Amino acid sequence: MMHVILLGPQGAGKGTQAKMLSKAFALAHICTGDLFREHISKQTAFGKKAKQFIDAGKLVPDSLTITMIKERFAKPDCKKGFILDGFPRTLAQAEALDEVVDITHIIEIKIGDALAIKRLTSRRQCKVCGKIYGIDIPEKVKGKCDNDNSPLYQRDDDKEGAIKKRLHLYHEETEPLLEYYKPRNITFSVDGSLPVEKTFQALKKILEETSL
Ligand SMILES: [Zn+2]
């Protein structure tokens, strides 16, 4: 059983790596952001409750998120385990998660702030198909989507001020989780500044060597 938490600031390529790992090891990829969106769009009981907080400009309470994640753990695709992406972000959330499941790995994808800012501010998205471009995946014709030739735009949360705020929050609230899990000898770190495939190989090696 692998119960993996992937940690890393935005721009570290966490989502991409989580997807690749989930395929390679037949683990469920649980992205809490997507999970919320899914519950909200399906108007489930969780979705309705979460939406009330979001609409009021409030954070969704940890207890609600944990209940939602716990329900997700029971789905058949979690049989071999899961990769958690986007949760926990705070110590309180990590403690709450401990009540629900035993974490086997916490892996940090490390990148410096300068690179995170460079990667994120270069991101452009297509308004029509939603495809995201950036320094690692440039579009063929500058400013135009490869799929439909529509103009690309920069999302507000990819502007430098917003990125710096999120990075600050990551250093303040999320990075201390590594210390929290450290006594259990389940913390690992990989270099996220490398090309996607290289970082993936490093992650894969950790999971292979610890699952023997
Ligand atoms: Zn497009």
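The preceding data block contains the structure.
Each value, and the rule that gives it
- Residues numbered from 1 in each chain as written.
- Predicted model: local features only at pLDDT ≥ 70, side-chain atom pairs only at ≥ 80, totals over all residues.
- Heavy atoms only, no water.
- Buried < 20%, exposed > 50% of the residue type's maximum accessible area, 1.4 Å probe, protein only.
- Helix = DSSP H or I, 4+ residues; strand = E, 2+ residues; numbered from the N terminus.
- Arc of directions from axis to C-beta.
- Contact = heavy atoms within 4.5 Å.
- Pairing = 2+ DSSP bridges.
- Axes fitted to C-alpha atoms, helices over the stretch in contact; angles between N-to-C directions.
- Donors = N, O, S within 2.8 Å, 3.2 Å for Na, K, Ca; no water.
- Parallel < 35°, antiparallel > 145°, perpendicular 65-115°, else oblique.
- Left-handed = near helix turned anticlockwise from the far one by under 90°.
- Nonpolar A, V, L, I, M, F, W, Y, C, P; charged D, E, K, R; others polar.
- Salt bridge = Lys/Arg side-chain N within 4 Å of Asp/Glu carboxyl O.

1. Things to note about helix α2 (residues 32–41)
Phase 1 of the analysis: Here α2 has its buried residues at Thr32, Leu35, Phe36 and His39. One side of α2 carries all its buried residues, which in axial view fall inside an arc of 100°. Turned more than 90 degrees from where α2 packs its buried face, Arg37 and Ser41 sit exposed.
Phase 2 of the analysis: Turning to α2, the residues buried within the fold contact β2 (28–31), α3 (45–55), α4 (62–73) and β3 (81–85).
Phase 3 of the analysis: Immediately downstream of α2, the backbone of Gln43 shows phi near 55°, a positive value.

2. Details of the pairing of β3
Phase 1 of the analysis: Burial analysis of β3 places five of its five residues in the buried class, the great majority of the element.
Phase 2 of the analysis: Covered by surrounding structure in β3 are Gly81, Ile83 and Asp85 together with Phe82 and Leu84, the residues of both alternating faces.
Phase 3 of the analysis: As paired elements, strand β1 (residues 2–7) and β3 share five bridges and run parallel to each other. If you follow Val4 over to β3, its bridge partner there is Ile83.
Phase 4 of the analysis: Here four bridges tie β2 to β3, and the two strands are oriented parallel to one another. Across the sheet, Cys31 pairs through a bridge with Asp85, a residue of β3.

3. Concerning α3
Phase 1 of the analysis: Listed in full, the buried residues belonging to α3 are Phe46, Gly47 and Ala50. Along α3, the residues classed as buried sweep out an arc of 90° about the axis, all on the same side. Away from its buried face by more than 90 degrees, α3 exposes Ala45, Lys48, Gln52 and Asp55.
Phase 2 of the analysis: Packing partners of the buried residues in α3 comprise α2 and α4.
Phase 3 of the analysis: Downstream of α3 by one or two residues, Gly57 has phi in the positive range, about 75°.

4. Some points on the sheet that holds β2
Phase 1 of the analysis: Taken in spatial order, the five strands line up as β2-β3-β1-β4-β8 in an open sheet, and their pairing is parallel. Unpaired on one side and paired on the other, β2 and β8 (187–191) mark the two borders of the sheet. Averaged over all neighbouring strand pairs, the angle between strand axes comes to 25°, with direction disregarded.

5. Observations concerning the coordination of the zinc ion
Phase 1 of the analysis: Distances from the zinc ion to its protein donors, Cys126 (SG), Cys129 (SG), Cys145 (SG), Asp148 (OD) and Asp148 (OD), fall within 2.3 to 2.6 Å.
Phase 2 of the analysis: Looking at Cys129, the relative accessible area reads 38%, which means it is partly exposed.
Phase 3 of the analysis: Of the residues examined, Asp148 reaches a relative accessible area of 29% and is grouped as partly exposed.

6. Overview of the packing of α4 against helix α5 (residues 91–98)
Phase 1 of the analysis: Where α4 meets α5, the axes come as close as 10 Å, and the angle between the chain directions of the two elements is 40°. The angle between α4 and α5 places the two elements in the oblique class. When the axes of α4 and α5 are compared, the crossing they make is right-handed. Contacts between α4 and α5 involve Asp62, Ile66 and Phe73 on the former and, on the latter, Ala92, Gln93, Ala96 and Leu97.
Phase 2 of the analysis: Residue classes in the contact of α4 with α5 are distributed as five nonpolar, one polar and one charged.

7. A look at the pattern of salt bridges
Note that side chains of opposite charge can pair when their charged atoms are close.
Phase 1 of the analysis: Summed over the entire model, instances satisfying the criterion amount to 14 salt bridges.
Phase 2 of the analysis: Asp157 is the salt-bridge partner of Arg155, the closest N and O atoms lying 3.4 Å from each other.
Phase 3 of the analysis: Between Asp156 and Lys159 there is a salt bridge, with its nearest N and O atoms 3.1 Å apart.
Phase 4 of the analysis: In this structure, a network of salt bridges that share partners links the residues Arg123, Arg155, Asp157 and Asp158.

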